[in-house]
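The lines below spell out each chain.
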Amino acid sequence: MASSPQPSGSKNSRPASAPRFIFESRAALDRILSKSDTYTGVFPSHISSIVGHLSHACDINRNVVIGMIMLRQDGTYAIRHAINVACVVELALRDLGRSAVERKPVVAAALTMNIGMYAIQEKLSSQSGPLSDEQRHLMQVHPIEGRDLLRKLGVTDPLWLDYVLQHHEIPDGSGYPQRLSGDDIHFEARLIGIADRYCAMLTRNAWRRGQLSDLALLTSLTGSQNSIDVKLGRLFTQTMGLYPPGAVVQLLNGEIGIVKRPGRGEQTPVVAALFNKQWQPLINIVERDSDDIDFSIISVIESQRVAGLVPMEDVWGGDAAGA
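Model, not experiment: these values are computed from the prediction.

Conventions and cut-offs
Residues numbered from 1 in each chain as written. Predicted model: local features only at pLDDT ≥ 70, side-chain atom pairs only at ≥ 80, totals over all residues. Heavy atoms only, no water. Helix = DSSP H or I, 4+ residues; strand = E, 2+ residues; numbered from the N terminus. Buried < 20%, exposed > 50% of the residue type's maximum accessible area, 1.4 Å probe, protein only. Contact = heavy atoms within 4.5 Å. Areas by Shrake-Rupley, 256 points an atom, 1.4 Å probe, with all protein chains shown as cover. Pairing = 2+ DSSP bridges. Axes fitted to C-alpha atoms, helices over the stretch in contact; angles between N-to-C directions. Left-handed = near helix turned anticlockwise from the far one by under 90°. Nonpolar A, V, L, I, M, F, W, Y, C, P; charged D, E, K, R; others polar. Core = buried A, V, L, I, M, F, W, Y, C linked by side-chain atoms within 4.5 Å. Parallel < 35°, antiparallel > 145°, perpendicular 65-115°, else oblique. Expected span 1.5 Å × (residues − 1). Bend = angle between axes of the 7 residues up to and from the residue. Polar contact = N/O pair within 3.5 Å; in protein donor to acceptor, adjacent residues only side chain to side chain. Patch = residues over 30% accessible without salt bridge, like charges linked within 9 Å, V, L, I, M, F, W, Y side chains within 5 Å. Salt bridge = Lys/Arg side-chain N within 4 Å of Asp/Glu carboxyl O. pLDDT = per-residue confidence, 0-100.

(A) Structural view of the overall build of the protein. Of the regular secondary structure elements, the protein holds 12 helices and 5 strands. Every one of the 323 residues in the protein was classed for burial, and the buried ones make up 55%. Long-range pairs, those at least 24 residues apart, make up 64% of the contacts in the protein between residues at least 6 apart in sequence. Carbon together with sulfur atoms contributes 50% to the accessible area of the protein, which is approximately 14200 Å² in total.

Here you go:
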């Protein structure tokens, strides 16, 4: 029997940090999904362990967790994407006041939503051409395949299974695989669906440049008529924000920096200024309140232009150690 993964951040040898819990969770999820048949019967407990690790990361610093989504797009797409979506869902449900017990099956579903197409997901993320008929079919049925595979692996929680089955359903009935509509779709499944689209849009791949954070948010919350209800849209906007932590922005004074944390308003976060307008590093990282007109945000820049240039620990301190 495979042993339950333990994040290195939980050991006494070094202090816990949000990135360490997230990186260890990525590694653990990769092991579990790539050899899921060896985890039959114990699969739910291993996924639950990862749910707990991501919760610990959010306890340490939610801004660092979101910053990881924006700035650390390395590694296997299928795994990174599942972890990112799970983190967004965890934070949104916290903002809604849901308890840890209530959050658990939703986050578990986010981690396993694509288990039904795990074997082809990495190829799809790097494929520049159109989907084949077989790939298109697998896409359409993967929620059913995922639900059925989870049952075989020992998942008995009906909510977990329903959320996986419904995460591509849309309230106007245009989703799949069952073309459910309205209240027939769980609110939590719709939340997973929005987080799934949002995180995918932020990611650069063979056929798409990663969208800027503000456009990704707007695109995730729009679509076919009645596809997003007001409560869900407002919750997601509150959780991620137009300028989420980790977003790279340019200020009115020409400086370029990383959004560090929310500010007084949704459109006025606190920014860690890193470069002048010529992209020369500032001598010291300076906090700028974008609520001040002189430091107001005038544009969003692709986050990957900054990723790796400045350690996340320089922006968020020890909470971001190991990023």
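(B) Looking closely at the sheet that holds strand β4 (residues 281–289). Within the open sheet, the 5 strands sit side by side as β4-β3-β2-β1-β5. Their pairing is antiparallel. Looking at which strands have only one partner, the edges of the open sheet turn out to be β4 and β5 (297–301). Neighbour to neighbour, the strand axes of the sheet diverge by 35 degrees on average, direction disregarded. Of the strand pairs in this sheet, strand β1 (residues 248–251) and strand β2 (residues 256–261) are connected by 3 bridges, and their pairing is antiparallel. For V248, the partnering residue across the bridge sits in β2 and is I258.

(C) Seen up close, the packing of helix α3 (residues 62–71) against helix α4 (residues 77–95). Remark: α3 packs on α4, axes separated minimally by 10 Å, with the N-to-C direction vectors making an angle of 145 degrees. In this structure, the crossing between α3 and α4 has a hand that is left-handed. Contacts between α3 and α4 involve R62, V65, I66 and I69 on the former and, on the latter, N84, C87, V88, L91 and D95. Here the residues of the contact of α3 with α4 sort into 6 nonpolar, 1 polar and 2 charged.

(D) Focus on helix α11 (residues 230–240). Taken together, the buried positions of α11 are L232, G233, L235, F236, T237, T239 and M240. Just downstream of α11, G241 is the residue with a positive phi angle, here 80 degrees.

(E) Quick peek at the nonpolar core. Counting 89 residues, the largest nonpolar core has F43 and V89 as its most contacted members. With 12 residues, the single largest contributor to this core is α4. Beyond its immediate stretch of four places on either side in the chain, F43 contacts I32, L33, S36, T112, I115, L150, L153, V155 and W160.

(F) Spotlight on the packing of helix α1 (residues 18–34) against α3. Packing of α1 against α3 brings their axes to within 9 Å, and their N-to-C directions diverge by 50 degrees. Accordingly, the angle class assigned to the pair α1 and α3 is oblique. Both α1 and α3 take part in a crossing whose hand is right-handed. Each of A18, P19, I22 and F23 in α1 lies in contact with α3, whose residues at this interface are V64, V65 and M68. In terms of residue class, the contact of α1 with α3 is built from 7 nonpolar, no polar and no charged.

(G) Structural view of helix α7 (residues 133–152). Between its first and last C-alpha, α7 extends 27 Å over 20 residues, near the 28 Å set by a 1.5 Å rise per residue. Of all the bends in α7, the greatest reaches close to 55 degrees and is centred on V141; the proline P143 follows between one and four positions later. When we look at burial in α7, the residues that qualify are Q135, V141, H142, P143, G146, R147 and L150. Directly beyond the C-terminal end of α7, a positive phi value near 110 degrees is found at G154.

(H) Local environment of the side chain of H142. Summarising the element assignment, H142 is placed in helix α7. Its relative accessible area of 0% is what places H142 among the buried residues. Among the polar contacts made by the side chain of H142, one reaches the main-chain carbonyl oxygen of M139 at a distance of 2.7 Å. Look past the residues within four positions of H142 in its chain and what remains in contact with it is M113, N114, G116, M117, H167, H168 and Y176.

(I) Region of interest: a nonpolar patch on the surface. There is a patch of nonpolar side chains on the surface, built from L252, I293 and I298 and spanning about 310 Å² of accessible area. Looking at the secondary structure, you find I298 in strand β5.

(J) A look at the pattern of salt bridges. Going through the model one piece at a time under the given rule, you end up with 15 salt bridges. Between E255 and R288 there is a salt bridge, with its nearest N and O atoms 2.8 Å apart. Of the two residues, E255 sits in the loop between β1 and β2 while R288 sits in strand β4, which places them 33 residues apart along the sequence. We classify R288 as buried; its relative accessible area is 19%.

(K) Local environment of the confidence of the model for the protein. Here the protein averages 88 in pLDDT, while 85% of its residues score no lower than 70. Overall, residues 1–6 carries pLDDT values under 50, and its contacts beyond four positions in sequence, including any with other chains, amount to 13 contacts.

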